[in-house]
Amino acid sequence: MSDAFILGIESSCDETSAAVVRSGEQVISNVVLSQFATHKPYGGVVPELASREHLRNIVPVVRAALEQAGRSYESVDAIAVTQGPGLAGALLVGLSFAKAVCFAVDKPLIAVNHLEGHIHAVLLEERQKGNHELEFPVLALVVSGGHTHLFMAETCDKGWTYQNIGHTRDDAAGEAFDKVAKLLGLGYPGGPVIDRLAKLGDPAAVKFSTPQMKHPDRRDARKNGDERPHFDFSYSGIKTAVLRYVELNDMAAAIEARRKELVHIAKPRMEDWQRLCDRQTIDLVASFQRAVVRDLVNKTLAAAAEYNVATLLVTGGVAANSELRETFERDGSQAGLKVFFPSRPLSTDNAAMIAAAAYPKFLSKDFAGMDVSAEAGMVLR
Ligand code: KG4
Ligand code: ZN
């Protein structure tokens, strides 16, 4: 089989991205344009603004990815695009653009689930490093701003299939990082700044607990066709606990002062954060992160034990978190698991992962018709 060059397009949330990937194993180009500056004043992603930014940026971003790869629309073998889940308007921009190009240059269109993309970010980079062996059963934790999902992943004739064995019942882990950062006046997105500040604090300073949902959800278990437990997460309670701590300790005035100062700093550096945060805030941030990381690791490792897993993939924006990586590496290897993460640039949203996930579909000719529509709540199976 000769090489296949797939152009991937991703526009599900607040990054416009295009990439060219060779045969699901080599990133030739990967251009990611973040809308961070657009959404920052609002403390979170504004869907209408996201669609407008995607519209403005999609053509230059795709052109740049093709140019960097030395390819044209005619010289790629297929065009892959995120179909869902994500913001409906944002998804439509990428999907409509991809359809139009496929129609114009007569190339196959491949519709990709964003969560499958995150899983294939890890597989792509492992193949790129020369690691072509994957020991099954494989468990994937997809942990991002919109998702905290556990999937058992298997290969079949047509490519990959997935069984969901856990998800968040309310906020996603990344969403909790973002909301806690917002309520502490630390800006948006919250994950990267909490990650850096937490290194300076005492993670045992504030005691937080996360709900332990040990009992199998029988309805889900029956849907899955077995009686094994479901490993669900919940992070809205810890966000409320942080808010209560802030109120009890009269931190509101200091938070407001920090928020006002940060408005005037375009790109805050570590010195700025340290100057703007007192010890109590830094300890609070470290304790919050420790509680979320412990919960993610404990539940994932419990699921891995229950399903006799050999390989664990940890992916999505929150997989960029240093403490999460270190804890999974240490505790995962103690549990006899092989643990893999994407590099930090491929942890957060990007189109290389979409092009990589499309490769098995390209091989099995699993192409989408021109009537395919965006699915904001798309499920991964
Ligand atoms: O995968 P992603 O780029 O977009 C979604 O599909 O949601 O993930 C974005 C999320 C945000 O919530 C962001 O705060 C979080 O990933 N994130 C982090 C870190 N870097 C990004 N969370 C914790 N630590 C980080 N270093
Ligand atoms: Zn994502």
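Data block above holds the structure.
Notes on the structure in this doc start here. Position labels on residues start from 1 in each chain and follow its written sequence. Labels are handed out in written order, letters beginning with A for the chains and numbers beginning with 1 for the ligands. Confidence filtering applies because this is a predicted model: local features only for residues at pLDDT of at least 70, side-chain atom pairs given and counted only at 80 or more, and all residues used for totals across whole chains, interfaces and linings. Heavy atoms from the whole structure form the basis of all side-chain values; hydrogens and water molecules are not counted.

1. Quick word on the sheet that holds strand β9 (residues 311–315)
A sheet is described by the order of its strands in space; here 5 strands give the open sequence β8-β7-β6-β9-β10, paired in mixed fashion. Lying at the two open borders of the sheet, with one neighbouring strand each, are β8 (159–167) and β10 (338–340). Taking each pair of neighbouring strands and ignoring which way they run, the sheet shows an average axis angle of 25°. DSSP-based pairing: two strands are paired if at least 2 bridges between them are found. Helix numbers and strand numbers start at the N terminus; a helix is a DSSP run of H or I with at least 4 residues, a strand a run of E with at least 2. Examined bridge by bridge, strand β6 (residues 138–143) and β9 share 5 bridges and lie parallel to one another. Bridge assignment links L139 to a residue of β9, and that residue is L312. By definition in these notes, contact holds between two residues if any of their heavy atoms fall within 4.5 Å. In this analysis an axis means a line fitted to C-alpha atoms, helices contributing only their contacting stretch, and an angle means the value between N-to-C directions, from 0 to 180 degrees. Lying on the sheet, helix α4 (residues 114–128) is in contact with β6, β7 (148–156), β8, β9 and β10; it crosses β9 at an angle near 115°. Those strands touched by helix α12 (residues 322–334) are β6, β9 and β10, and its axis lies near 175° from that of β9.

2. Side note on the sheet that holds strand β4 (residues 78–84)
Read across the sheet, 5 strands follow the order β3-β2-β1-β4-β5 without closing on themselves; strand pairing throughout is mixed. Looking at strand neighbours, the two that pair on one side only are β3 (26–34) and β5 (109–113), the edges of this open sheet. Across the sheet, the mean angle from the axis of one strand to that of its neighbour is 20°, orientation sign disregarded. Across 5 bridges, β4 lies against β5 in parallel orientation. Within β5, the residue paired with G84 across the bridge is N113. Of the strands in this sheet, β1 (5–10), β2 (15–22) and β3 touch helix α2 (residues 47–69), which is tilted by about 25° from β2. Helix α14 (residues 352–363) contacts β1, β2, β3, β4 and β5 of the sheet and is inclined by roughly 115° relative to β5.

3. Structural notes on the site of ligand 1
In these notes, residues near a molecule or strand are those with any non-hydrogen atom within 4 Å of it. Lining the immediate environment of ligand 1, one finds 19 residues, of which G145, D178, G191, D195 and D349 sit closest. Under this definition, polar contacts are N or O atom pairs within 3.5 Å; protein pairs additionally need one hydrogen-donor-capable and one acceptor-capable atom, and for neighbouring residues in sequence, both atoms have to be side-chain atoms. Between an oxygen atom of ligand 1 and a side-chain N or O atom of H118, the distance comes to 3.2 Å. Measuring from a nitrogen atom of ligand 1, one finds a side-chain N or O atom of N321 at 3.0 Å. Relative to its free-state accessible area of 560 Å², ligand 1 is covered by the protein chains to the extent of 90%. The set of elements that each furnish at least two residues to the shell around ligand 1 consists of α4, α5 (173–183) and α6 (190–198). When residues in the shell around ligand 1 are grouped by element, the largest group, 4 residues, is from α6. Note that Gly is not counted as nonpolar here; it falls among the polar residues with everything else outside the nonpolar set of Ala, Val, Leu, Ile, Met, Phe, Trp, Tyr, Cys and Pro and the charged set of Asp, Glu, Lys and Arg. Among the residues making up the shell around ligand 1, the classes are represented as 5 nonpolar, 11 polar and 3 charged. All accessible-area figures derive from a Shrake-Rupley calculation using a 1.4 Å probe, and residue coverage is judged against the displayed protein chains alone.

4. So, the coordination of the zinc ion (ligand 2)
Each metal site lists N, O and S donors within 2.8 Å (3.2 Å for Na, K and Ca). With water left out of the atoms, a site can look as if it is missing ligands. Those protein atoms acting as donors to the zinc ion (ligand 2) are H114 (NE2), H118 (NE2) and D349 (OD), and they sit at 2.0 to 2.1 Å. Under the classification used here, a metal with four donors is tetrahedral if each angle lies between 85 and 135 degrees, square planar if opposite donors are over 155 degrees apart and the others between 65 and 115, a six-donor metal meeting that same test is octahedral, and anything else is irregular. Taken together, the 4 donor atoms surrounding the zinc ion (ligand 2) define angles of 94 to 145° at the centre, an arrangement classified as irregular.

5. So, the packing of aromatic side chains
How two aromatic rings sit relative to each other is set out by the distance from centre to centre and by the angle between their planes. Stacked, edge-to-face and tilted labels apply to pairs of Phe, Tyr and Trp rings (six-membered ring for Trp) whose centres lie within 6.5 Å, assigned for plane angles under 30 degrees, over 60, and everything in between, in that order. Considering all chains together, one arrives at 6 aromatic pairs under this definition. Where F136 meets W160, the ring centres are 6.0 Å apart and the plane angle is 40°; that geometry is what we call tilted. Placement of the pair is F136 in the loop between α4 and β6 and W160 in strand β8, with a sequence separation of 24 residues. On the basis of relative accessibility, which here comes to 37%, the residue F136 falls in the partly exposed class. Buried, partly exposed and exposed residues are distinguished by accessible area as a fraction of the type maximum, computed with a 1.4 Å probe on protein chains only: under 20%, between the cut-offs, and over 50%, respectively. Note on W160: relative accessible area 15%, which makes it buried.

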